Amino acid sequence: MKRIFSGAQPTGNIHLGNYLGALRNWVTLQHEYESFFCIVNLHAITIPQDPKVLAEKTRELARIYLAVGIDPEISTIFVQSDVPQHAELTWILNCLARMSELERMTQFKDKSRKQSENVSAGLFDYPVLMASDILLYQTELVPVGDDQKQHLEFTRDIATRFNRDFGDTFRVPEPYIPKVGARIMSLSDPTKKMSKSDDDATGCVMLLDDPDAVNRKFKRAVTDSGTEIKFDNSRPAITNLLTIYQLLTGQPIVEIESRFAGRGYAQLKQNLADVTVEFLRPFQDQVKGIGAEHLNRILRQGREKARQIAGTTLANAYAAMGIVGASTTDE
Ligand code: AMP
Ligand code: TRP
C-alpha cells in the first residue's frame, strides 16, 4: 500500500484554513493509503514558544486529529519528538542542503521578516526537517495546503540529490494540493491567507471557537464592492466565503449561487456562520471526550510504528553514506 505523510505544528490554534486545506483531505485519503500524521513539535520551536503552552498544544492537536476523523485503527498518529530519527536524518540532509536553496524559501523570508530580531538557525533549517519527516517513511503523497508547495519541491530535490550521489535510498514524493480550499483567505483581508500567526484574529476562524466568536467573525468579514453573490476570482472576499460554504456543505457551486441569488451579503455571512457552528459542534464535543489514557495509548502505538519504519530508512541512509561506528562494522 502506498504511503501518505503529513503534519501540522502545535502552535497557535488550528483554523478553518488548516482543516479545509489539509486535515479534511487526510481523513479521506487515509482509506486509500497507509497514512502517517505527525504533530510536528520540533518545527514549532523554530519560533520561540512557551514550554507549558507548547506541551498543552501538542496534546490538543492530537485530540483534534482524532476528532476531525483520523482513525487510529488505520492511520498512525504520532509526535515528531517521539521519533529521534527525524532529527538525525535532518543532520545528514543538512550536509546536502545548500544555503542558497534555503535562502530562496518564501516561508523563511516571510517568517524571518516578522521575527526580524534573533532569527534562529532552526527557522532557516525548517525545510530540511520537513524533508526528513517525509523521506523517512518512503512517502508517496503529501497532502498539504498551497503554502507548502515550495517545501515539497525542496524535499523532492534533496531526495533526488541523495539518490544520485549515494544510490537509491528515498522515494521521491509528490504533493497533493486540493483544487478547492488549498488557500483559504483571511476573513478580514482576502489578499492574505488565513493564518494562525495573524495578529488580527478576527480574520481567522478557529476550530475550537465558540458559536459567539464564529458569528462575530463572519459578521465582520469584509466583502467586495457590488452585490452579486457569485464565484468570481476578481471578487476574492465573496469567492473565499463561497469556497468555505461549498466545502463545509458539499453543495455544488451552481446550487449555492442560485440559493443566494437576489440575497444580500449579510444573509450569506449569517448562513455561513450557522453552517460553521453546526459543523464545529460535534467536532468540539469529540475533542472534549478524548481521555488522557486513550490518547497516550494511541500516541505510544504511533511512536512504535513510526520508529520502526523511520529506523530502517535511517539505517539505509547511514550505510549508503559510509557512516559506520562501533556497532555497525563487521571487521
Ligand atoms: P501549519 O498550521 O502551518 O502547520 O499548517 C498545517 C496545514 O494547513 C499545512 O498543510 C498547510 O499548508 C495548511 N494550511 C495552513 N494555512 C492554510 C490556509 N489558509 N488555507 C489552506 N491550507 C492551509
Ligand atoms: N511545514 C508544514 C506546515 O507548516 C508542517 C509540516 C512539517 C509538514 N513536516 C511536514 C507537512 C511534513 C507535511 C509533511 O504546514
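Above this text you will find the structure in question.
Residues numbered from 1 in each chain as written. Chains lettered and ligands numbered in written order. Predicted model: local features only at pLDDT ≥ 70, side-chain atom pairs only at ≥ 80, totals over all residues. Heavy atoms only, no water.

Q: Lay out the site of ligand 2 with the relevant residues and their values.
A: Surrounding ligand 2, one finds 13 residues, the nearest of these being Gln9, Tyr126, Met130, Asp133 and Gln148. The side chain of Gln9 places a nitrogen or oxygen atom 3.3 Å from an oxygen atom of ligand 2. Between ligand 2 and the protein, one listed contact pairs a nitrogen atom with a side-chain N or O atom of Tyr126 at 2.6 Å. For ligand 2, the accessible surface in isolation is 360 Å², of which the surrounding protein chains cover 90%. Looking at the shell around ligand 2, the elements with two or more residues in it are strand 1 (3-8) and helix 7 (121-135). Residue contributions to the shell around ligand 2 peak at 4 residues, all from helix 7. (Near = heavy atom within 4 Å. Polar contact = N/O pair within 3.5 Å; in protein donor to acceptor, adjacent residues only side chain to side chain. Areas by Shrake-Rupley, 256 points an atom, 1.4 Å probe, with all protein chains shown as cover. Helix = DSSP H or I, 4+ residues; strand = E, 2+ residues; numbered from the N terminus.)

Q: Describe the nonpolar core, listing the residues and the values that go with them.
A: Formed by 58 residues in total, the largest nonpolar core has its most connected members in Ile64, Tyr65, Val68, Leu207 and Phe218. Ranked by the residues each element gives to this core, the list is headed by helix 12 (residues 265-289), at 9 residues. Excluding its chain neighbours within four sequence positions, the residues that come into contact with Leu207 are Ile14, His15, Leu16, Tyr19, Ile64, Val68, Leu280, Phe283 and Gln284. With 37 residues, the next largest nonpolar core counts Met130, Tyr137, Ala306 and Ala310 among its residues. (Core = buried A, V, L, I, M, F, W, Y, C linked by side-chain atoms within 4.5 Å. Buried < 20%, exposed > 50% of the residue type's maximum accessible area, 1.4 Å probe, protein only. Contact = heavy atoms within 4.5 Å.)

Q: Go over the site of ligand 1, please, and point to the residues and values.
A: The full set close to ligand 1 counts 18 residues, and Gln9, Gly145, Asp147, Ile184 and Lys196 are the nearest of them. Within the backbone of Gly17, one N or O atom sits 3.1 Å away from a nitrogen atom of ligand 1. One of the backbone nitrogen or oxygen atoms of Ile184 is found 2.8 Å away from a nitrogen atom of ligand 1. Protein chains bury 92% of the 490 Å² of accessible surface belonging to ligand 1 in isolation. Looking at the shell around ligand 1, the element that brings in the most residues is helix 1 (residues 16-29), giving 4 residues.

Q: Run through the pattern of salt bridges, naming residues and quoting values.
A: Per the stated rule, a full pass over the model turns up 17 salt bridges. A salt bridge links Arg3 to Glu34; its shortest N-O distance comes to 3.0 Å. With Arg3 in strand 1 and Glu34 in strand 2 (residues 34-39), this pair connects stretches of sequence that are 31 residues apart. For Arg3, a relative accessible area of 19% gives the class buried. Via salt bridges that share partners, Lys2, Glu140 and Arg171 belong to a single interconnected network. (Salt bridge = Lys/Arg side-chain N within 4 Å of Asp/Glu carboxyl O.)

Q: Describe in detail the environment of Lys52, supporting the description with residues and values.
A: Tracing the backbone through its elements, the reader meets Lys52 in helix 3 (residues 51-68). Given the relative accessible area of 61%, Lys52 is considered exposed. Each C-alpha atom of the pair Lys52 and Asp82 lies 18 Å from the other, and the pair is 30 residues apart in sequence.

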